Amino acid sequence: MEAAAGWRCRPGGRLDMSHGFVRHIRRNQIARDAYERAVRQARGRARGRLTPTPPRPRRPDQQVYRPRRPGGPGGDASPGPPPADTRGPRLFCLEYEGDDGRVTAVIVHQGDSAEEVTRRVCARSPLEPALRRALCQRVQDELSKRRGTG
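Worth saying up front: this structure is predicted, and the values here are computed from it rather than measured.

1. A short note on the state of the cysteines
All told, the structure shown has zero disulfides when counted by the stated rule. Here C122 stays free of any disulfide, with the sulfur of C136 as its closest cysteine sulfur at 9.3 Å. Judged by relative accessible area, which is 11%, C122 ranks as buried.

Rendered as structure tokens:
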């Protein structure tokens, strides 16, 4: 078969890419790739923050109301550091789960005695005398381990 007179063919059956039509297609492909890359980068920059920003900027000098904790000191209205704990540093947090599923948490300090910790736990969730003695013994064992006397 002979090639038509108006068609440009190269030896070996390859297309002649020198005409302008293919150059326009290639230029459009390059422009589309650049646009998609720019959109992807802009979307990535917009997604940089995982938490939403506050509706307005926070001002550090703005006073904020902080309600008092129940059972805390009621007479002193001056904001200041909390009073220093005289029982010593914290050793551990004792969590007791009752039969009803309620968890009672008590922080045990260096200066606490086992009986005092047991009294604080029993004030929040009443225990039978046998359980109270077992809890007191267990707290005594933990205190002696952490104080290094056991």
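Anyway, onward from the coordinates.
2. A few points about the confidence of the model for the protein
In this model, the protein carries an average pLDDT of 78, and 66% of its residues clear a pLDDT of 70 or more. Of all the helices and strands in the protein, strand 1 (residues 90-97) carries the lowest mean pLDDT, 87, while helix 2 (residues 114-124) carries the highest, 91.

3. Section: the pairing of strand 1
In this structure, strand 1 lies alongside strand 2 (residues 103-109), joined through seven bridges in antiparallel fashion. Pairing of Y96 across the sheet is with T104, part of strand 2. Here strand 1 folds back onto strand 2, and the loop between the two strands holds five residues, one of which, G101, carries a positive phi near 90 degrees.

4. Quick word on the pattern of salt bridges
This structure, assessed with the given rule, holds four salt bridges. Salt-bridge contacts for R120 lead to D112; the nearest nitrogen and oxygen are separated by 2.6 Å. Overall, the relative accessible area of 2% leaves D112 in the buried class. Between R146 and E142 there is a salt bridge, and its shortest N-O distance comes to 2.4 Å. Placement of both R146 and E142 in helix 3 (residues 129-147) is noted, with a separation of four residues, approximately one turn of the helix. By relative accessible area, which is 12% here, E142 ends up buried. Through salt bridges with shared partners, one network takes in R138, E142, K145 and R146.

5. With respect to the side chain of S125
For S125, the location among the structural elements is in the loop between helix 2 and helix 3. Of the polar contacts made by the side chain of S125, one reaches the side chain of T104; its length is 3.5 Å.

6. Topic: helix 2
An α-helical turn contains 3.6 residues, so a residue and the one three or four places further along point in the same direction. Taken together, the buried positions of helix 2 are occupied by A114, V117, T118, V121 and C122. Buried residues of helix 2, viewed axially, fall in a sector of 135 degrees; they line one side. Opposite the buried face of helix 2, by more than 90 degrees, sit the exposed residues R119 and A123. Buried residues along helix 2 sit against strand 1, strand 2 and helix 3.

Reading the values: the criteria
Residue indices begin from 1 for each chain and proceed along its sequence in written order. Note on the predicted model: pLDDT of at least 70 is required for a residue's local features to be given, and 80 or more for side-chain atom pairs to be given and counted; whole-chain, interface and lining totals, by contrast, use all residues. Where side-chain values are given, they derive from all heavy atoms of the structure, hydrogens and water being excluded. The disulfide criterion is simple: two cysteine sulfur atoms within 2.5 Å. Exposure is judged per residue with a 1.4 Å probe applied to protein chains only, and the accessible area is read against the type maximum: over 50% gives exposed, under 20% gives buried, and values in between give partly exposed. A residue's pLDDT is simply how confident the predictor is in it, with values from 0 to 100. Strands are runs of DSSP state E lasting at least 2 residues, helices are runs of H or I lasting at least 4, and numbering of each runs from the N terminus. Any two strands with at least two DSSP-identified bridges between them are counted as paired. Here, a salt bridge means any Lys or Arg side-chain nitrogen found within 4 Å of an Asp or Glu carboxyl oxygen. What qualifies as a polar contact is a pair of N or O atoms within 3.5 Å, subject to a donor-acceptor requirement within protein and to the restriction that residues adjacent in sequence count only when both atoms come from side chains. The arc under discussion is defined with respect to the helix axis, by the directions toward the C-beta atoms. In what follows, a contact means two residues having at least one pair of non-hydrogen atoms within 4.5 Å.

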